[in-house]
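Secondary and tertiary structure notes
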Amino acid sequence: METVQLKVHHRPFCFSVKGHVKLLRLALTVTSMTFFIIAQAPEPYIVITGFEVTVIFFFIMLYILRLDRLMKCLFWPLLDIINSLVTTVFMVIVSVLALIPETTTLTVLGGVFAFGLITAVCCLADGVLIYRKLLFNPSGPYQKKPVHEKKEVL
């Protein structure tokens with residue numbers, strides 16, 4: 001009787017949790033940038049969100065095409081975590097600064113309530129997901145088991 005070995009299928013990036021969070025992050029940032037453009041918000045708001053859209057799109061294409069596996073000269077998960085943290089800081093600053101001058105409804109929607117702060121939360125979630133992937137044992141701390149103990153021979 002032959003034994004059948006199940007082939008382990010690699011889950012495509014777009015169908016993983018990390019992929020869903022990145023795509024949600026991209027959609028929210030694009031929406032925020034669109035509201036800033038329509039409301040004719042100050043240029044730094046548009047530039048920062050446009051830059052974030054470009055970087056997020058770059059990382060999505062990198063993971064979809066699996067270029068992170070080919071280009072091993074850079075440690076991509078660490079760069080992705082740094083990007084998530086920097087994006088979080090920028091989006092929180094832009095969200096708070098959008099309220100200071102006289103604001104329109106679209107600036108408030110794009111910068112603060114609906115998309116700016118939600119994008120910051122998605123960036124934090126993305127960073128946490130990648131950080132958990134980097135851990136050697138993401139299920140919890142190391143616990144010594146009897147298998148790992150040395151046996152002394154007398």
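Residues numbered from 1 in each chain as written. Predicted model: local features only at pLDDT ≥ 70, side-chain atom pairs only at ≥ 80, totals over all residues. Heavy atoms only, no water.

The name an unreviewed UniProt entry assigns to the chain is Chemokine-like factor isoform X1, from the organism Carlito syrichta. Looking at the chain in UniProt, the text filed under Subcellular location (unreviewed entry) is "Membrane". (UniProt positions renumbered as here; feature names shortened; annotations may be inferred.)

**Focus: the overall build of the chain**
The helix and strand inventory of the chain stands at six helices and zero strands. When the helices and strands of the chain are listed from N to C terminus, the series reads α-α-α-α-α-α. Taken across its 154 residues, the chain has 36% of its residues classed as buried. Put simply, of all contacts in the chain between residues at least 6 apart along the chain, 71% involve residues at least 24 apart. Counting only carbon and sulfur atoms, one obtains 71% of the accessible surface of the chain, whose full area is about 10,900 Å². (Helix = DSSP H or I, 4+ residues; strand = E, 2+ residues; numbered from the N terminus. Buried < 20%, exposed > 50% of the residue type's maximum accessible area, 1.4 Å probe, protein only. Contact = heavy atoms within 4.5 Å. Areas by Shrake-Rupley, 256 points an atom, 1.4 Å probe, with all protein chains shown as cover.)

**Things to note about the UniProt feature "transmembrane region" (unreviewed entry) in the chain**
The positions that UniProt labels "transmembrane region" (unreviewed entry) are, in the present scheme, residues 21–39, 45–65, 77–100 and 106–131. Span residues 21–39 is 95% helix and 0% strand, its end C-alpha atoms 27 Å apart.

**Topic: the packing of helix α4 (residues 76–97) against helix α6 (residues 116–134)**
Packed helices, taken two at a time, are described by the angle their axes make and the gap between the axes. Where α4 meets α6, the axes come as close as 8 Å, and the angle between the chain directions of the two elements is 160°. Comparing the axis directions of α4 and α6 gives the class roughly antiparallel. For the pair α4 and α6, the sense of crossing is left-handed. Each of Pro77, Asp80, Ile81, Ser84, Leu85, Thr87, Thr88, Met91, Val92 and Ser95 in α4 lies in contact with α6, whose residues at this interface are Gly116, Leu117, Thr119, Ala120, Cys123, Leu124, Asp126, Gly127, Ile130, Tyr131 and Leu134. (Axes fitted to C-alpha atoms, helices over the stretch in contact; angles between N-to-C directions. Parallel < 35°, antiparallel > 145°, perpendicular 65-115°, else oblique. Left-handed = near helix turned anticlockwise from the far one by under 90°.)

**Remarks on the nonpolar core**
Within the largest apolar cluster, ten residues are counted, these being Phe13, Leu26, Val53, Val55, Ile56, Phe59, Ile60, Leu62, Tyr63 and Trp76. Core analysis: the next-biggest nonpolar cluster, separate from the first, contains five residues, Phe36, Ala41, Tyr45 and Ala98 among them. (Core = buried A, V, L, I, M, F, W, Y, C linked by side-chain atoms within 4.5 Å.)

**Describing the confidence of the model for the chain**
Per-residue pLDDT for the chain averages 77, and the proportion of residues at 70 or more is 74%. Mean pLDDT per element in the chain: helix α5 (residues 105–113) is the minimum at 68, and helix α2 (residues 43–64) is the maximum at 90. (pLDDT = per-residue confidence, 0-100.)

**Structural notes on the state of the cysteines**
One pass over the structure, following the stated rule, counts zero disulfides. Not part of a disulfide, cysteine 122 finds its nearest cysteine sulfur in cysteine 123, a span of 7.1 Å. (Disulfide = S-S within 2.5 Å.)

**Here we look at the side chain of aspartate 68**
Tracing the backbone shows aspartate 68 in helix α3 (residues 67–70). No salt bridge forms around the buried aspartate 68; measuring N to O, its nearest opposite-charge neighbour arginine 69 is 4.5 Å away. Dropping the residues within four chain positions of it, aspartate 68 is found in contact with Leu62, Tyr63 and Trp76. (Lys, Arg positive; Asp, Glu negative; His and termini not counted. Salt bridge = Lys/Arg side-chain N within 4 Å of Asp/Glu carboxyl O.)

**Side note on the pattern of salt bridges**
Opposite charge on two side chains makes pairing possible when the charged atoms of those side chains draw close. Enumeration according to the criterion identifies three salt bridges in this entry. A salt bridge links aspartate 80 to lysine 22, with the nearest nitrogen and oxygen atoms 2.9 Å apart. Placement of the pair is aspartate 80 in helix α4 and lysine 22 in helix α1 (residues 17–38), with a sequence separation of 58 residues. Residue class for lysine 22 comes out buried when judged on its relative accessible area of 1%. For the salt bridge of aspartate 126 with arginine 25, the shortest nitrogen-to-oxygen distance reads 2.6 Å. Of this pair, aspartate 126 sits in helix α6 while arginine 25 sits in helix α1, and the two are 101 residues apart along the sequence. For aspartate 126, a relative accessible area of 0% translates into the label buried.

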